[in-house]
Number of protein chains: 4
Amino acid sequence: MIKVGIVGGTGYTGVELLRLLARHPQVELSAITSRADAGTRVDAMFPSLRGYVNLSFAHPEQADLAGCDVVFFATPNGIAMQQTRSLLDAGVKVIDLAADFRIKDIATWEKWYGMTHACPELVGEAVYGLPEINRAAIKSARLIANPGCYPTAVQLGFLPLLEAGLVDASGLIADAKSGVSGAGRKAEIGTLLAEAADSFKAYGVPGHRHLPEIRQGLARVAGGDVGLTFVPHLTPMIRGIHATLYARIKTDADLQSLFEQRYAAEPFVDVLPAGSHPETRSVRGANTCRIAVHRPQGGDTVVVLSVIDNLVKGAAGQAVHNMNIMFGLPETTALEVVPLLP
Amino acid sequence: MIKVGIVGGTGYTGVELLRLLARHPQVELSAITSRADAGTRVDAMFPSLRGYVNLSFAHPEQADLAGCDVVFFATPNGIAMQQTRSLLDAGVKVIDLAADFRIKDIATWEKWYGMTHACPELVGEAVYGLPEINRAAIKSARLIANPGCYPTAVQLGFLPLLEAGLVDASGLIADAKSGVSGAGRKAEIGTLLAEAADSFKAYGVPGHRHLPEIRQGLARVAGGDVGLTFVPHLTPMIRGIHATLYARIKTDADLQSLFEQRYAAEPFVDVLPAGSHPETRSVRGANTCRIAVHRPQGGDTVVVLSVIDNLVKGAAGQAVHNMNIMFGLPETTALEVVPLLP
Amino acid sequence: MIKVGIVGGTGYTGVELLRLLARHPQVELSAITSRADAGTRVDAMFPSLRGYVNLSFAHPEQADLAGCDVVFFATPNGIAMQQTRSLLDAGVKVIDLAADFRIKDIATWEKWYGMTHACPELVGEAVYGLPEINRAAIKSARLIANPGCYPTAVQLGFLPLLEAGLVDASGLIADAKSGVSGAGRKAEIGTLLAEAADSFKAYGVPGHRHLPEIRQGLARVAGGDVGLTFVPHLTPMIRGIHATLYARIKTDADLQSLFEQRYAAEPFVDVLPAGSHPETRSVRGANTCRIAVHRPQGGDTVVVLSVIDNLVKGAAGQAVHNMNIMFGLPETTALEVVPLLP
Amino acid sequence: MIKVGIVGGTGYTGVELLRLLARHPQVELSAITSRADAGTRVDAMFPSLRGYVNLSFAHPEQADLAGCDVVFFATPNGIAMQQTRSLLDAGVKVIDLAADFRIKDIATWEKWYGMTHACPELVGEAVYGLPEINRAAIKSARLIANPGCYPTAVQLGFLPLLEAGLVDASGLIADAKSGVSGAGRKAEIGTLLAEAADSFKAYGVPGHRHLPEIRQGLARVAGGDVGLTFVPHLTPMIRGIHATLYARIKTDADLQSLFEQRYAAEPFVDVLPAGSHPETRSVRGANTCRIAVHRPQGGDTVVVLSVIDNLVKGAAGQAVHNMNIMFGLPETTALEVVPLLP
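What counts, and where the lines are drawn
Residues numbered from 1 in each chain as written. Chains lettered and ligands numbered in written order. Predicted model: local features only at pLDDT ≥ 70, side-chain atom pairs only at ≥ 80, totals over all residues. Domains from an automatic or database assignment. Contact = placed C-beta atoms within 7 Å. Nonpolar A, V, L, I, M, F, W, Y, C, P; charged D, E, K, R; others polar. Helix = DSSP H or I, 4+ residues; strand = E, 2+ residues; numbered from the N terminus. Buried ≥ 20, exposed ≤ 12 C-beta atoms within 10 Å, placed from the backbone. Expected span 1.5 Å × (residues − 1). Least-squares fit on C-alpha atoms with pLDDT ≥ 70 in both. Pairing = 2+ DSSP bridges. Axes fitted to C-alpha atoms, helices over the stretch in contact; angles between N-to-C directions. Parallel < 35°, antiparallel > 145°, perpendicular 65-115°, else oblique. Left-handed = near helix turned anticlockwise from the far one by under 90°. pLDDT = per-residue confidence, 0-100.

Brief notes about the domain arrangement of chain A
How large an interface is tends to be reported as the accessible area lost when its parts come together.
All names here are of chain A.
Point 1. Split into domains, chain A comes out as domain 1 (2–125) and domain 2 (149–310).
Point 2. Taking only C-alpha atoms into account, the centre of domain 1 sits 26 Å from that of domain 2.
Point 3. The interface of domain 1 with domain 2 comprises 10 residues on the first partner and 7 residues on the second.
Point 4. Its residues assigned to classes, the side of domain 1 that touches domain 2 comprises 5 nonpolar, 3 polar and 2 charged.

Describing the environment of D:Arg248
Point 1. For D:Arg248, the position within the fold is in strand S10 (residues 241–248).
Point 2. Judged by local crowding, D:Arg248 falls into the partly exposed class, with 18 C-beta atoms found within 10 Å.

Description of helix H9 (residues 210–222) of chain A
All names here are of chain A.
Point 1. The first and last C-alpha atoms of H9 sit 18 Å apart over 13 residues, in line with the 18 Å expected at 1.5 Å per residue.
Point 2. Residues His210, Leu211, Pro212, Glu213, Ile214, Arg215, Gly217, Leu218 and Ala222 constitute the buried set of H9.
Point 3. Of the surrounding secondary structure, the elements contacted by the buried residues of H9 are helix H4 (106–113), helix H7 (149–163), strand S7 (172–178) and strand S9 (228–234).
Point 4. Among the residues trailing H9, Gly223 stands out with phi positive, at a value near 75 degrees.

Topic: the interface of chain A and chain B
Point 1. If you look at the interface, chain A gives 23 residues, while chain B gives 23 residues.
Point 2. Ranked by residues supplied to the side of chain A that touches chain B, first place goes to helix H1 (residues 12–21) of chain A with 3 residues.
Point 3. Grouping the constituent residues of the side of chain A that touches chain B by class yields 13 nonpolar, 4 polar and 6 charged.

What to know about the relation of the copies chain A and chain B
Point 1. For the match of chain A to chain B, the screw axis carries a shift of 0.0 Å, the RMSD comes to 0.0 Å, and the turn is 180 degrees. Such values leave the two copies arranged in the relation of a two-fold axis.
Point 2. Same-surface contact between copies: 100% of interface residues of chain A are shared with the interface of chain B.

What to know about the sheet that holds strand S13 (residues 301–308) of chain D
Sheet strands line up and pair through hydrogen bonds in the backbone, either parallel or antiparallel.
Residues and elements named next belong to chain D.
Point 1. Read across the sheet, 7 strands follow the order S8-S9-S7-S10-S13-S12-S11 without closing on themselves; strand pairing throughout is mixed. Both edges of this open sheet fall to strand S8 (201–202) and strand S11 (269–271), since each of them pairs with a single strand only.
Point 2. Alignment of strand S7 (residues 172–178) against strand S9 (residues 228–234), held across 7 bridges, turns out to be parallel. Of the residues in S9, the one forming a bridge with Lys177 is His233.
Point 3. In this fold helix H7 (residues 149–163) packs onto S7, S9, S10, S11, strand S12 (289–294) and S13, with an angle of close to 35 degrees to the strand it touches most, S10.

Remarks on the relation of the copies chain A and chain D
Point 1. Superposition of chain A onto chain D requires a rotation of 180 degrees combined with a translation of 0.0 Å along the rotation axis, giving an RMSD of 0.0 Å.
Point 2. Same-surface contact between copies: 97% of interface residues of chain A are shared with the interface of chain D.

Considerations on the interface of chain A and chain D
Point 1. Listed by partner, the interface residues are 38 residues for chain A and 38 residues for chain D.
Point 2. Looking at the side of chain A that touches chain D, the elements that each hand over two or more residues are S7, helix H8 (193–196), strand S8 (201–202), S9, strand S10 (241–248) and strand S13 (301–308) of chain A.
Point 3. A class-by-class count of the residues in the side of chain A that touches chain D yields 17 nonpolar, 14 polar and 7 charged.

With respect to the pairing of S13(A)
All names here are of chain A.
Point 1. Along S13, 8 of the 8 residues are buried, which leaves the element largely enclosed by surrounding structure.
Point 2. Here S13 shows a buried face lined by Thr301, Val303, Leu305 and Val307 and a second buried face lined by Val302, Val304, Ser306 and Ile308.
Point 3. Where strand S12 (residues 289–294) lies against S13, 5 bridges are found, and the strand directions are antiparallel. Each bridged residue has a counterpart across the sheet, and for Ile291 the counterpart in S13 is Ser306.

Focus: the sheet that holds strand S10 (residues 241–248) of chain B
All names here are of chain B.
Point 1. Spatially, 7 strands are ordered S8-S9-S7-S10-S13-S12-S11 in an open sheet, and the strand pairing comes out mixed. Lying at the two open borders of the sheet, with one neighbouring strand each, are strand S8 (201–202) and strand S11 (269–271).
Point 2. Sheet strands in contact with helix H9 (residues 210–222) are strand S7 (172–178) and strand S9 (228–234), and its direction is about 135 degrees off that of S9.
Point 3. Sitting on the sheet, helix H10 (residues 255–262) touches S11, strand S12 (289–294) and strand S13 (301–308), and the angle it makes with S12 is about 160 degrees.

What about the packing of helix H7 (residues 149–163) of chain B against H9(B)?
Residue and element names in this part refer to chain B.
Point 1. Here H7 crosses H9 at 25 degrees, and the two axes come no closer than 9 Å. Regarding the angle of H7 to H9, the classification is roughly parallel. Handedness of the crossing formed by H7 with H9: right-handed. Residue-level inspection shows Tyr150, Pro151, Val154, Gln155, Phe158, Leu159, Leu162 and Glu163 of H7 in contact with H9, the latter providing His210, Glu213, Ile214, Gly217, Leu218, Val221 and Ala222.
Point 2. In terms of residue class, the contact of H7 with H9 is made up of 10 nonpolar, 3 polar and 2 charged.

Regarding the confidence of the model for chain A
Point 1. With 100% of its residues at a pLDDT of 70 or more, chain A shows a mean pLDDT of 97.
Point 2. Predicted as a complex, the structure gets a pTM of 0.98 and an ipTM equal to 0.97.

Looking at unusual backbone geometry
Point 1. With omega at 0 degrees, the peptide bond leading from A:Leu341 into A:Pro342 counts as cis.
Point 2. On the secondary structure map, A:Pro342 appears in the segment after helix H11 (312–326).
Point 3. For D:Gln297, which is not glycine, the phi torsion reads 50 degrees and is therefore positive.

Section: the environment of A:Ser276
All names here are of chain A.
Point 1. The residue Ser276 is located in the loop between strand S11 (269–271) and S12 in this model.
Point 2. A count of 20 C-beta atoms within 10 Å places Ser276 in the buried class.
Point 3. Put simply, Ser276 and Glu336 are 60 residues apart on the chain and 23 Å apart in space, counted from C-alpha to C-alpha.

Some thoughts on the pairing of strand S3 (residues 70–73) of chain C
Residue and element names in this part refer to chain C.
Point 1. Burial along S3 is two-sided: Val70 and Phe72 and Val71 and Phe73, pointing in opposite directions, are all buried.
Point 2. Where strand S1 (residues 2–7) and S3 come together, 4 bridges link them in parallel fashion. Residue pairing in the sheet places Val4 in a bridge with Val70 of S3.
Point 3. Relative to strand S4 (residues 93–96), S3 runs parallel, the two sharing 4 bridges. What sits directly across from Val71, in S4, is Val94.

So, the packing of H7(B) against helix H11 (residues 312–326) of chain B
Residues and elements named next belong to chain B.
Point 1. Where H7 meets H11, the closest approach of the two axes is 8 Å, and the angle between their N-to-C directions is 100 degrees. Considering their axes alone, H7 and H11 lie roughly perpendicular with respect to each other. Residues Cys149, Thr152 and Ala153 of H7 touch H11, and the partners they reach there are Lys313, Gly314, Ala315 and Gln318.

See below:
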């Protein structure tokens, strides 16, 4: 059994890790921490876990994280970087669901996240945990930077086009829409039901933290800098991201077959039949990214529709997928959850 | 492997049966019918099932239902009663998720459902599939009348009080609230998002078909007629029923402990700690009924809060539970799905 | 023109007062205060008011409230009682939308609200601003205790029955459901969209602050103490309260006509035709209470359905109605807003 | 008083016309028709109108439409074109809220709408009722083609850029999101709450009927053909459209001031301060289009955010605006409705 610790288990990615790991046949949940809620039973805060998780939140200083095989950080940005060095030294693998290790260029990271990096020397070692690109490196990694939610949906949608060099990489557009859980389980006015329901808005148009992460990922597959306009929106639903991606085609190709072949062996990317429009609910609760590719009116603009559950493929599910790879387990272990529809 | 057939698989209870049965280790889905959508792949209609269900809808006349071990009817009322006789004769067990076999008194059934019963002689044989009351009879049944959604939530909430004879059974009140999926996957104006979202209403106050079903069930445990006022409401959510139950206490008792003891051995009824308020989302996607019992200000009115997922414990999950019992399987097989929260 | 001041204009009742008063032909909005947001333009916080409200929030100490004709308190409980004495002394009328002056019994108030009352001597003078009961007293009042949202919906529903002495006042049940805006514009986890959407729950079953307010009001019309069980619920919508009321009939009567006659002259209470089920959206944005009365299956239980918009008839609209009465204006001035449906 | 007739009053644009016209001081509602609901009181179908509309639906053949001064068609496509000729001949002005007269090229219209046009000779005369472009022509028009909802939001967003010739008109992108009421008040499975809530999807990517309408409008202001990719999405809310528009900048300019100056005199277009992100709820129920213009990271892509209420500025409100212009009334008559927020 893999002994698992979770740091910061009271947020949405935390409870989602618990939902998935509680049914993982190779996992023993051995510690879950919360500074504010130490002593509280996990299932008192999340009654959905009654009967599945028999733990209480532990104070971070008192949890035996060093005795775990792997520790997930489901914390705000800036926490994992404080503790990763000592965990790695103790032989513990680390999967950070926050952004501390995602951006290779330290200056860029520090500018967008507004803090000084606590362990820049580990950033180089960290493996960006998008299995569809980095499977081999993940297998042997000690430290995983689990991708952001928008970056997962956007990168998987652009990937085949950029790898094949078919589109003008200087004018990419990603118009992305997220459910409100993407903002986290934090007391804030903007995400109250009475504020965010029955309304729709863009936010962060001048610049969003996921922009440099997406740009870095796309540049890597494009083999050079990309020009990307990224506009995130808040949509009145709980879970789900829908990315609508636009690019100008340079070279003709059978786009449907390009996508199908690129992802044929991927257990968690599902290319829909030509002409489809994926709904976010079709992946609700599941670690799947569903993609459709269109070329409206046969013009030179390709439109890719990419949907994920932001808390699963965009966070906790992808983290478990990474863990499975790191520990040599079948990749789909504990992740064969049928989406909840309706 | 148990060969399973589903009649009428295009509604919400149908897709929910598929979600659960697709992961059932002892089940082989062998036929699913739909008159209107014969020939359509199931996962073309419900992309959430891609990779899990590799079937197309078959025309009812062409499906080999007689070759199944058990057939679920996920049809409108009045269909199962046409076909049950011949299936039983062919040695097939039948679980009807509609109302055809729920009411023992034929005249009452015909009045509330507005049609003549096609096989009144089978109504007596049919076992009302509420395992918390009828486990033994279910075990040996050929024909199960799977309870309605409201009746499940309301009966489980009143049960301990009536069995113990603690309350005045002549003045029971059940104020119940349902998500919109309870109305089924039918094209109707009243349940459009633009009609039913951001609004709340009661309906069926003069009389609702679940009233005689609940009354029959409560009368059985009370050992005599009960007086029940039942008011259903439509609430702007997809899934979930919340029943708020009121009764006048005749005899003092430790209500918390009464409920805990009554359901101690039940895998799918969860009595919450004293003072709790269950949320419907705490059972989203799961076959669980969570119950809290209150006695506000120590007065003589007991208030029971009972929540279920109307499509699971209120329909498809309970049906699978019944199947597990009928076939001697562990009762929780395929039903250990952690609720999806948030 | 009536010079109006609003204390605490950044909450939902504040913005709702602004929405209504901005179109009031006899009102000049002269000051609106907010400690936290002093200096911010009102329409920067609430862009819906662009073009209608040309004011900035003022610091409470700097606003000339004493120069107003009337001041509305749209503040948390416990603020109005600090400032009312001096405003009244300055000849300013006061309408408190919070609970400071609603409960006549000081000890009861202090118990439920957990603080010492700052001006108990004014509580006796304050007029409970439910025009359907207190019109004459409101006309000559200096100080109005504007009713709570639940108390408005519940009292208007029970009123005709209790005035006529037709029901057993010892066993009243009020099962009430509220949209999330009832919790106010406060950063709290429980009312986040990701927590409160697609879910339903009861809360405050052991006791809610509106219980003593409702009891006091009902006792007054019943001519003696009443027994009331009050269970509030949170429903996933923005606005609206639906109260489902239950009482045991003692004396037969034509209930439909009783309700119609009681409210025939009331501009803001609408008794629906027999057999109706009011939807909360039918009063969205309007100062109307719509009521239907039922007697299911001709039994001895009467069921009243009463809906209001919690922010209008349950708060700001009723406050403007009170102001209109106090200043001798036509009662419907600025309140003839057609509900927004869908 | 202007005598007004409404053909097809049972849909969302119909009830919205009634909401606005009921409070119009110069309007007398004299007839409203519905084939299916003839004889039904309008306020029985829409209780929100109780006290405001004292009419019953009339059979189309029995209503005295020829005696009206103006008739609104709030009908499905293909109805207005059958009746407009005779109404015009009778001296009645016509405002069609459907698409019959929007597209000047008859072949294009017939291709996208799948029917033969019944009065192609009137299409040339019809004035496209976007007051921000066509005010003068509207003033003297007999027949108005009221713009579609998406076309209104998209055109108003691109207009200043194209008029000024600042952007590459060959590569415009309009990523638009609509609330579900845009699909109309029709019994369809896809827009049920249980299907469309808590989910998000694109639709019509291969081609949507509003594409040729938008292209025609943009071409007119651009002075030549435009290349437009238009992707509509369904978002789980009742009302509102959010268009996110992308264009490549050819010539530098102060975009904020460009937009402010273009719309300075327009009563129903509100350019927000630089850096803003309009929410659809900020125009809920109002005839306003709010626009913000961004240039992320100072790059060469301009992003315009444009929001309207699809039923008001996108349909009924704009129709009333057109009527006001046609009859020489102050343009804002009956349209000064403060948006409902929250």
